[in-house]
Amino acid sequence: MGVHGLTSYIERDRRFLVNVRLQATRLVIDGSSLYFSLYFSCGADQQHGGEYEAFAAEVRQFFSVLLACKIQPFVVLDGGMDQSDKKFPTLQQRAQSSIRDANSLSRGANGSVLPLLTKATFMQLLAELAVPFVQCAAEADLEIATLASHWGCPVLTNDSDFYIFELRGGYIPFRHFQWGSAVLGRKQCFIPARSYTVQHLCSHFRGLTPQMLPLFAVVVGNDYTPAHIRQMFLSRVQLPMVGGGGKGNPQIESLLLWLSQFGSPDEALEDALGFEGGGGGRGRGGRGQKRTGPQSVFSAGMQEYAIPPRSSLVQFFSGGGRSTHPGSLMGLPEALAAQPEWLLWGIFTGRLPSLVQDVLVLQRVMLLAQVENCRLPSSHCTSLAIRQVIYGLLLLGHRQQQQQQQGTAQAPAGRGGGGGRGRGRGRGGRGGGGGGGSGEQSGAEIQGQDAPNVVEYDRCDLNLTKNTVMPFLPASSPQLYLEVMDQTPVAVRLQVLLRVLPVEERSLGPLPPTLRLPACVTSYWLQRCKPRPNPTTLQAVLLGLTIGELGRRKSIPTDPASSRPGVAAVLNRINQLRLVRNEGRGFNLEVAHSLSQWQSCMWAGLCLNQLLCCPLPDPPCAWLYSGTLLHAVHAALRGGASIEALLAGDPFPGQLFSSLKEATQKPGGPSGTAAQPGSFSSGARKRGRGGRKQPQGRGQARGGGRGQRSDDSGLNNRFAMLMSDEEEEDEDEEEEEE
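Below is a summary of the structure that appears in this document. (Residues numbered from 1 in each chain as written. Predicted model: local features only at pLDDT ≥ 70, side-chain atom pairs only at ≥ 80, totals over all residues. Heavy atoms only, no water.)

Taken in spatial order, the 5 strands make up an open sheet running β4-β3-β2-β5-β6, and their pairing is parallel. This sheet does not close on itself; its edge strands, each paired only once, are β4 (133-135) and β6 (171-173). Across the sheet, the mean angle from the axis of one strand to that of its neighbour is 20°, orientation sign disregarded. Alignment of strand β2 (residues 26-30) against strand β3 (residues 72-77), held across 5 bridges, turns out to be parallel. Across the sheet, residue Leu27 finds its bridge partner in β3, namely Pro73. Contacts between helix α5 (residues 118-128) and the sheet are confined to β3 and β4, with β3 contributing the most and set at about 145° to the helix. (Pairing = 2+ DSSP bridges. Helix = DSSP H or I, 4+ residues; strand = E, 2+ residues; numbered from the N terminus. Axes fitted to C-alpha atoms, helices over the stretch in contact; angles between N-to-C directions. Contact = heavy atoms within 4.5 Å.)

The subject of this paragraph is the pairing of strand β12 (residues 463-469). Relative to β12, strand β11 (residues 454-460) runs antiparallel, the two being bridged by 7 bridges. Following the sheet pairing, Cys460 is matched in β12 by Asn463. Hairpin remark: β11 followed by β12, antiparallel, with 2 residues in the connecting loop; positive phi at Asp461, about 55°.

We now examine the packing of helix α21 (residues 535-554) against helix α26 (residues 651-664). With their axes 9 Å apart at the nearest point, α21 and α26 run at an angle of 135° to one another. One way to sum up the angle between α21 and α26 is to call them oblique. α26 is crossed by α21, and the crossing has right-handed handedness. Across the interface between the two elements, Gln539, Leu542, Leu543, Leu545, Thr546, Glu549, Leu550 and Arg553 of α21 pack against Phe652, Pro653, Leu656, Phe657, Leu660, Lys661 and Thr664 of α26. Residues of the contact of α21 with α26, tallied by class, amount to 9 nonpolar, 3 polar and 3 charged. (Parallel < 35°, antiparallel > 145°, perpendicular 65-115°, else oblique. Left-handed = near helix turned anticlockwise from the far one by under 90°. Nonpolar A, V, L, I, M, F, W, Y, C, P; charged D, E, K, R; others polar.)

Counting across every chain of the model gives 12 salt bridges. A salt bridge links Arg506 to Glu504, with the shortest nitrogen-to-oxygen separation between them at 3.0 Å. Its relative accessible area of 66% is what places Arg506 among the exposed residues. With its nearest N and O atoms 2.9 Å apart, the salt bridge here joins Arg553 to Glu549. Of the two residues, Arg553 and Glu549 both sit in helix α21, 4 residues apart, roughly one turn of that helix. Residues Arg553 and Glu549 agree in their burial class; the two are buried. When salt bridges with common partners are traced through the structure, they connect Glu549, Arg552 and Arg553 into a single cluster. (Salt bridge = Lys/Arg side-chain N within 4 Å of Asp/Glu carboxyl O. Buried < 20%, exposed > 50% of the residue type's maximum accessible area, 1.4 Å probe, protein only.)

In short, geometric facts, not functional conclusions.
Printed below as a string of structure tokens:
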């Protein structure tokens, strides 16, 4: 959401914001706004695919300042797309804009593109730091406002809709939250900030009341209001003239003045629209009549700002939510409310990505733009087969569905059982069998003949386009059911994962747990990537994973690797290489495209692993990928440097690199062959440049909160202590109310 032009109007008149010293308070934080703001404010790389380690350092520093000022954060994140589709045109526009920005960055021009694993990294860090957080079922605005209203505490976000919500604790725009200039003294600690309340705005327009502001937002325009409805409204009212004076937005100011003469939104709507049922004039006889047409649009839009009397998140953050069904904690779409409890808790606690909601509720996914070669098919084409299995587990993975599908799956090749619902669907198992390529589909491997397909939105050249993708369910024995996924033996879930990300299980043994999933993903990427990665790019990826693991261990004082001088020498040598690279050489677009394909596979692999309840540990995303490092290593290797020389000084880095190389170059899977769902796309799929088939979609998932923790245990424990203090206060308040 967002009210068009309102932020700039407020910013131009400093009277609307007041100085505050924030300390010793709860703070409800818009998580999506926070990770966007922190990534772009810390100066981390965008052109090379991201610098998650630098972003992680910024996140840790942010929450350490809050802790020092005794500010208790509660982070609320957006989930899936809104079921009503009211905001979908806005999402499409933003996705198209991201494609243009990514293309600009690929050519060395300006642009802003959030790297693919940012949200995954952020939610892992929240879990690591023991910061209370929740991922909502859809957009989080109303949940944030309701929670802050219940507690009477401020909200931190960059969303201009919070200029409309009536919040006792006020709204602090992130740009006015000066956490980097916090006063951390012995006697007092606080963060200087500037806060807004609707009373600040209304006091400057005599007669204007807070209940008129939702109508103002709908008329001015937000992400939900159709443009033609706004224009129709404005054409029917005569707004007062306001002086220019170079201050503010004349239309906003005149509309606020006009609204200040009415006692209620209904009165203003009647004056502007009259009765909209039949004739169309501006007559006044419509009071009490049923609203139709534009009036109903405005009424529905105003409801977006109506704060409920109670917040379900109070119970969630108090720890009492586990005693009730998760569906009762917040309003859920019917398709989501019917899902098993483990899945709903996984969504709310961030152990499952928002992709899950989008597939279950809308059968639609919006894939994020990356900096890549826009003359080639989207990098997300490479991870298509992984996504098809995710869709299959979600849409075909229920016990009853599988039993119904078994007869269909065993139909003779060429006939199919789906009634011919699209080209390519009745072809027995084209490329899909894990059992030897006989052309017949295994009885346990199911295509989505009778299941809804998933519509993906992605880049084709420089345009946002959509494609239809068929779900695919790989074989497993015993059968894998979504209802009891969390109770299914690990070996069964691992079998499914290794069918899709084909690596010999025994080759993972020498690897640290944090590198096993990245090794599987890299093996998949090598087999699926087109054009195929050259040996130098593979070496750069493996060296990047090696250096990331060394850096992670170096950050943990109790880890033996942290005290080995040879490890420190390797890390220093590589960091110097990165600095030299940054002094300025040309941008290698071929390498950038290949690395974007790897990141897409890594993101999809994380999503699949989480949906399978993590048969392999989720890796800590902050250490997985450094774009400037990988580009620097690639340039050094092409210039004659050797892996042996770069890792010289301690045997451990070389051993780690060799183990990764061996694992990724021994593709296997449980039965020696991998499931091949990637060719099961619908005949309705669009094609990329050169006739290549290409998926479209989005998905911002996260890598789970189960990566290895660095040495932030003190910070974790102190947040936990603050949490327990607040819970005791909540219990006292509830007793008083009773």
